Amino acid sequence: PISVKVLPILETVFFGDNLSEILASKTNTFFDVFSWLPYGLIHFALPFVVAFLIFVFAPPQTLPQFCWSFGFMNLSGVFVQNIVFSCAPPWYKVLHGLEKANYSMKGSPGGLGRIDLLLGFDMYPSGFTNSPLIFGAMPSLHSGCSTMDALWLTYLLPKGAPIWISYVMWLWFSTMYLTHHYFNHGVAGSCLAVLF
């Protein structure tokens, strides 16, 4: 079954309101680009940068530890998303309310659709609409990956910890602003990263 109501309710219970809905209620071009940078660009490149830094600066045999922890975190996250707890992301509530979800539905790019309009190409709408995994939002692997990167960067460059933590917060904001994750998803993704 696909959970539609549990996470919005939990977000309201834990935080007093639906943070994702509040952040996404007023959009503008600056915040669209500001949110797209970590969510759509940095997220995909940073693990390779971290792996390179580990390879160059960390003791021998550290890189395999990073790779295994990163890989198993993602594998576990996808297992939870598909088998244990499939749930609808915030864009679903925007489009369908709390209507029951099913696997024949199409995905949505959420706020990322505005980036395609801004840049004049069609990447996110076609990609997300045809995605086979549209109810895999919990835990947020964007959050998990950013936290994993931040933890390893803190290990390598401890004085930069405030920067690495700020990056995680930036990504959390972006996931909610773009209506791809609830705050709960971000917390769960970061907890998964810390676990691994």
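First things first, this report covers the structure right here in the doc. (Residues numbered from 1 in each chain as written. Predicted model: local features only at pLDDT ≥ 70, side-chain atom pairs only at ≥ 80, totals over all residues. Heavy atoms only, no water.)

Considering the layout of surface pockets
The rolling of a water-molecule-sized probe over the atoms marks out the regions of remaining empty space.
Then step 1. Space inside the largest pocket adds up to approximately 510 Å³.
Then step 2. Taken together, 22 residues line the largest pocket, and the ones lying closest to its centre are Tyr39, Phe128, Leu133, Gly136 and His142.
Then step 3. Of all the secondary-structure elements, those providing two or more residues to the lining of the largest pocket are helix H3 (29–57), helix H4 (62–84), helix H7 (124–129) and helix H8 (141–156).
Then step 4. No other element matches the 4 residues that H3 contributes to the lining of the largest pocket.
Then step 5. In terms of residue class, the lining of the largest pocket is made up of 12 nonpolar, 10 polar and no charged. (1 Å grid on protein atoms, 1.4 Å probe; cavity = no way out; pocket = protein on both sides within 12 Å on 5 of 7 lines; lining within 4 Å. Points joined across faces, edges and corners; volume = space filled by probe spheres on them. Helix = DSSP H or I, 4+ residues; strand = E, 2+ residues; numbered from the N terminus. Nonpolar A, V, L, I, M, F, W, Y, C, P; charged D, E, K, R; others polar.)

A closer look at the side chain of histidine 142
Then step 1. Mapped onto the secondary structure, histidine 142 falls in helix H8.
Then step 2. Apart from residues no more than four positions distant in its own chain, histidine 142 is found in contact with Tyr39, His43, Leu171, Thr175 and His181. (Contact = heavy atoms within 4.5 Å.)

Some details on the pattern of salt bridges
Pairs can form between side chains of opposite charge once their charged atoms are near each other.
Then step 1. Scanning the model with the defined rule gives 2 salt bridges in all.
Then step 2. With a shortest N-O distance of 3.0 Å, lysine 93 and glutamate 21 are connected by a salt bridge. Of this pair, lysine 93 sits in helix H5 (residues 90–96) while glutamate 21 sits in helix H2 (residues 19–24), and the two are 72 residues apart along the sequence.
Then step 3. A salt bridge links aspartate 32 to arginine 114; its shortest N-O distance comes to 2.9 Å. Here aspartate 32 is found in helix H3, whereas its partner arginine 114 is found in helix H6 (residues 112–119), with 82 residues between them in sequence.
Then step 4. The class of aspartate 32 is buried, set by a relative accessible area of 6%. (Salt bridge = Lys/Arg side-chain N within 4 Å of Asp/Glu carboxyl O. Buried < 20%, exposed > 50% of the residue type's maximum accessible area, 1.4 Å probe, protein only.)

Notes on H8
Then step 1. Its 16 residues place the ends of H8 22 Å apart at the C-alpha level, agreeing with the 22 Å of an ideal helix rising 1.5 Å per residue.
Then step 2. Here H8 lies mainly inside the structure; 13 of its 16 residues are buried.
Then step 3. Measuring from the side-chain oxygen of the N-cap residue of H8 to the backbone nitrogen of histidine 142 gives 3.4 Å; that N-cap residue is serine 140. (Expected span 1.5 Å × (residues − 1). Polar contact = N/O pair within 3.5 Å; in protein donor to acceptor, adjacent residues only side chain to side chain.)

Some words on the nonpolar core
Then step 1. Grouped together as the largest cluster of nonpolar side chains are 24 residues, with contacts concentrated most on Val50, Ile54, Phe66, Phe70, Met73, Met148 and Trp152.
Then step 2. Put simply, the parts of the chain that give this core at least two residues each are H3, H4, H8, helix H9 (161–177) and helix H10 (183–195).
Then step 3. The dominant element in this core, judged by the number of residues it contributes, is H8, at 7 residues.
Then step 4. Dropping the residues within four chain positions of it, phenylalanine 66 is found in contact with Pro47, Val50, Ala51, Ile54, Met148, Asp149 and Trp152.
Then step 5. Ile2, Val4, Tyr92 and Ala101 belong to the second largest nonpolar core, which has 9 residues in total. (Core = buried A, V, L, I, M, F, W, Y, C linked by side-chain atoms within 4.5 Å.)

Topic: a nonpolar patch on the surface
Then step 1. Together, Val6, Ile9, Leu10, Val13, Phe14 and Phe15 line one region of the surface with nonpolar side chains, adding up to about 550 Å² of accessible area.
Then step 2. Of note, valine 13 is situated in helix H1 (residues 6–15). (Patch = residues over 30% accessible without salt bridge, like charges linked within 9 Å, V, L, I, M, F, W, Y side chains within 5 Å. Areas by Shrake-Rupley, 256 points an atom, 1.4 Å probe, with all protein chains shown as cover.)

Structural notes on H3
Then step 1. The principal kink in H3, of about 60 degrees, is found at isoleucine 42.
Then step 2. For H3, the complete set of buried residues consists of Asp32, Ser35, Trp36, Pro38, Tyr39, Gly40, His43, Leu46, Pro47, Val50, Ala51 and Ile54.
Then step 3. Those residues of H3 that are buried lie in contact with H4, H6, H7, H8 and H9. (Bend = angle between axes of the 7 residues up to and from the residue.)

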